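Listed below, chain by chain, are the residues.
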Amino acid sequence: MSNCDNNHDISVHINPSIVVLSIVVAFMGSFVSITLYDQYRLCSKENKPKLFNPNTLLFLMACSLGGIAIWCMHFIGMASIKLKNCQLDTISIH
């Protein structure tokens, strides 16, 4: 018999390689946003025909920062967490 009398003790185990992957995804999303901002800055100064207008670039910047950098980083980081009870059985999160 194990030392735990109740199943309320939960331990958290984190996979560091998935955390590193999460940081890389956040870096890539931030890099895309900064690159799009540079295009936005150049687009507003020059009057040449562009592939995207300034409003489209703003929308793409918001999607890359919010969608890729923040949202994907969060869910990849949450995938690195394993919850286990006192018998070391993995607890599934639904």
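Data block above holds the structure.
So, how was this worked out
- Residues numbered from 1 in each chain as written.
- Predicted model: local features only at pLDDT ≥ 70, side-chain atom pairs only at ≥ 80, totals over all residues.
- Heavy atoms only, no water.
- Pairing = 2+ DSSP bridges.
- Helix = DSSP H or I, 4+ residues; strand = E, 2+ residues; numbered from the N terminus.
- Expected span 1.5 Å × (residues − 1).
- Buried < 20%, exposed > 50% of the residue type's maximum accessible area, 1.4 Å probe, protein only.
- Contact = heavy atoms within 4.5 Å.
- Phe/Tyr/Trp six-rings, centres within 6.5 Å; stacked < 30°, edge-to-face > 60°.

What about the sheet that holds strand S1 (residues 10-14)?
So, point 1. Read across the sheet, three strands follow the order S1-S2-S3 without closing on themselves; strand pairing throughout is antiparallel. Sheet topology places S1 and strand S3 (90-91) at the edges, where each strand pairs with a single neighbour.
So, point 2. The pairing of strand S2 (residues 81-85) with S3 spans two bridges and is classified as antiparallel. Residue pairing for S3: Lys-84 is matched across the bridge by Thr-90.

Concerning helix H1 (residues 16-45)
So, point 1. Taking 1.5 Å per residue as the helical rise, H1 with its 30 residues ought to reach 44 Å, and the 44 Å between its terminal C-alpha atoms agrees with that figure.
So, point 2. Along H1, the residues classified as buried are Ser-22, Val-25, Ala-26, Gly-29, Ser-33, Leu-36 and Cys-43.
So, point 3. Buried positions along H1 lie against helix H2 (54-78).

Notes on the pairing of S1
So, point 1. Of all five residues in S1, zero are buried, a share of ten percent or less.
So, point 2. One ladder, built from five bridges, connects S1 with S2; its direction is antiparallel. When the bridges of S2 are listed, Ile-14 appears paired with Ile-81.

Observations regarding the packing of aromatic side chains
So, point 1. Enumeration over the complete set of coordinates arrives at two aromatic pairs.
So, point 2. Between the aromatic rings of Tyr-37 and Tyr-40, the centroid separation amounts to 6.4 Å while the plane-to-plane angle is 35°, which identifies the pairing as tilted. Here the residue Tyr-37 and the residue Tyr-40 both occupy positions in helix H1, the gap between them amounting to three residues, near one helical turn.
So, point 3. With relative accessibility at 45%, the residue Tyr-37 sits in the partly exposed group.
So, point 4. Look at Tyr-40 and you get partly exposed, because its relative accessible area is 23%.
So, point 5. Between Trp-71 and Phe-75, the aromatic rings sit 4.9 Å apart at their centres with planes inclined by 65°, giving edge-to-face as the arrangement. You can see Trp-71 and its partner Phe-75 sitting in helix H2, four residues apart, about one turn around the helix.
So, point 6. Phe-75 gets classed as partly exposed once you look at its relative accessible area, which sits at 46%.

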